[in-house]
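# Overview (structure and organization)
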Amino acid sequence: MSRIAYVNGRYLPRAQAKVSVEDRGYQFADGVYEVCEVRGGCLIDERRHMARLDLSLNELRIARPMSPAALSIVLWETVRRNRVRDGIVYLQITRGVARRDFAFPPADTKASVVVTARSNDLAHLEQLADEGIAVITVPDIRWQRVDIKSVALLPNVLAKQAARDQGAREAWLVDAQGRVTEGASSNAWIVSRDGKLITHPLGRDILAGVTRSVVVNVLKAQGLAFEERAFSVDEAYAAREAFVTSASQTVLPVVSIDGRPVGNGAPGLIAAALRRDYHRHAEVA
Ligand code: PMP
């Protein structure tokens, strides 16, 4: 857990780090967030995360509460004050505090900013990567703008808990046509029998994962066979390999889907190689 949190201009011990009950993030989930990996005390791919933050804020018409440079200082300072070497930094920006009313508050309402940071258990993550994870599939019941990284995550929460209840670590969300969009908190990938890497194309129906974009760049640079297209659950069952990508876990092999082994049931070679080389391709500030 974060010991020190940044809340609207102040660095506070966790017990004192509080937001108003009238905050629109609390009342309406009217806010956005980012999770950025921290490695060796440095933010990974900060530029890409900040670009996506701008997209989310613009789409929701939330005015930036501080300059990108000032925000960057707060992110790094929160990491430093929590002494995080390997972990994540979390940023949330909401439309601010105002009398409860669905429509936007007065134009002079200042957006709220919260930043926390915490360490990851690297040994545990490595063990997960060595063993591979189980995923289940559930219907994708989210709204139609999941490209916006909004804090409204109830369908993702329910999907993740369904996974937990079945002894799996991630849930893959399936659209009305039986195709996997993405994971509850990750992007979904398969390697087909003929060795092609496949992941859902960008659009309004998935989050444009930063880790996904780094992996796409690696595949293009290495000339690997790669397709951005939706794949069905049946294709996933028949895949040679599967994996998920996210900033907090980079590349994590999937070894079973709905209880059926993927390939020979062990982490795939491509996923393992992408994980091993990931930080050679990500941007370190
Ligand atoms: N999709 C969803 C729904 C997510 O919540 C996340 C993680 N925040 C991702 C994909 C992966 O995105 P990133 O690689 O930027 O962490």
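In this text, all values refer to a predicted model and were calculated from it rather than measured experimentally.

### Quick notes on the overall build of the protein chain
- When you go through the protein chain residue by residue, the secondary structure sums to eight helices and 16 strands.
- A globule of 285 residues ought to have a C-alpha radius of gyration of about 19 Å, and the protein chain, at 19 Å, matches this closely.
- With the C-alpha coordinates of the protein chain rotated into their principal frame, the extents come out at 55 × 40 × 35 Å.
- Split into buried and exposed, the 285 residues of the protein chain put 50% on the buried side.
- Summarising the internal contacts of the protein chain: among those between residues at least 6 apart in sequence, 72% fall at separations of at least 24.
- Accessible area of the protein chain: about 13900 Å², with a carbon and sulfur share of 53%.
- Across the protein chain, the 38 positively charged side chains and the 33 negatively charged ones have centroids separated by 5 Å.

### A few points about the side chain of Asp-175
- Residue position: Asp-175 is located in the loop between β8 (170-174) and β9 (179-183).
- The class for Asp-175 is buried, based on a relative accessible area of 16%.
- When neighbours within four sequence positions are excluded, Asp-175 is seen to be in contact with Asp-140 and Thr-181.

### Some remarks on the environment of Ala-242
- As for its placement among the helices and strands, Ala-242 is situated in strand β14 (residues 241-246).
- Classification of Ala-242 by relative accessible area gives buried; the value is 1%.
- Among residues more than four places away in sequence, those in contact with Ala-242 are Trp-172, Trp-189, Ile-190, Pro-253, Val-254, Ile-257 and Val-262.

### Looking at the domain arrangement of the protein chain
- Each assigned domain of the protein chain is listed here: domain 1 (4-120) and domain 2 (125-281).
- The gap between the C-alpha centroids of domain 1 and domain 2 is 26 Å.
- Facing the 21 residues of domain 1 at the interface are 21 residues of domain 2.
- With both sides pooled, the region where domain 1 packs onto domain 2 buries about 1700 Å², and carbon together with sulfur makes up 61% of that total.
- When residues of domain 1 are sorted by the area they lose upon contact with domain 2, Tyr-33, Arg-48 and Arg-52 head the list and together hold 35% of the total.
- Note that Arg-145 and Glu-59 form a salt bridge whose closest N and O atoms lie 3.0 Å from each other.
- Taken together, the links from domain 1 to domain 2 amount to eight residue pairs in polar contact (both at pLDDT 80 or more).

### Re the confidence of the model for the protein chain
- Residues at a pLDDT of 70 or more form 100% of the protein chain, whose mean pLDDT is 97.
- For the protein chain, helix α8 (residues 269-281) is the element with the lowest average pLDDT, namely 94, and β8 is the one with the highest, namely 99.

### Observations concerning the pattern of salt bridges
- Scanning the entire structure with this criterion turns up 23 salt bridges.
- Ionic pairing is found between Arg-80 and Glu-77, a salt bridge with its closest N-O pair at 2.7 Å. A residue pair is termed a helical-turn pair when its members lie 3 or 4 positions apart in one helix, as Arg-80 and Glu-77 do in helix α3 (residues 68-81) at three residues.
- Residue classification places Arg-80 among the exposed residues on the basis of a relative accessible area of 55%.
- Using a relative accessible area of 18% as the deciding quantity, one classes Glu-77 as buried.
- A salt bridge links Glu-227 to Arg-229; its shortest N-O distance comes to 2.5 Å.
- Glu-227 sits in the partly exposed class, given a relative accessible area of 24%.
- Judged by relative accessible area, which is 29%, Arg-229 ranks as partly exposed.
- What emerges from the salt-bridge pattern is a single network uniting Asp-194, Lys-196, Glu-227, Arg-229 and Glu-235.

The rules behind the values
Residues numbered from 1 in each chain as written. Predicted model: local features only at pLDDT ≥ 70, side-chain atom pairs only at ≥ 80, totals over all residues. Heavy atoms only, no water. Helix = DSSP H or I, 4+ residues; strand = E, 2+ residues; numbered from the N terminus. Rg over C-alpha atoms; globule rule 2.2 N^0.38 Å. Buried < 20%, exposed > 50% of the residue type's maximum accessible area, 1.4 Å probe, protein only. Contact = heavy atoms within 4.5 Å. Areas by Shrake-Rupley, 256 points an atom, 1.4 Å probe, with all protein chains shown as cover. Lys, Arg positive; Asp, Glu negative; His and termini not counted. Charge placed at Lys NZ, Arg CZ, Asp CG, Glu CD. Domains from an automatic or database assignment. Buried area = accessible area lost by both parts, 1.4 Å probe. Salt bridge = Lys/Arg side-chain N within 4 Å of Asp/Glu carboxyl O. Polar contact = N/O pair within 3.5 Å; in protein donor to acceptor, adjacent residues only side chain to side chain. pLDDT = per-residue confidence, 0-100.

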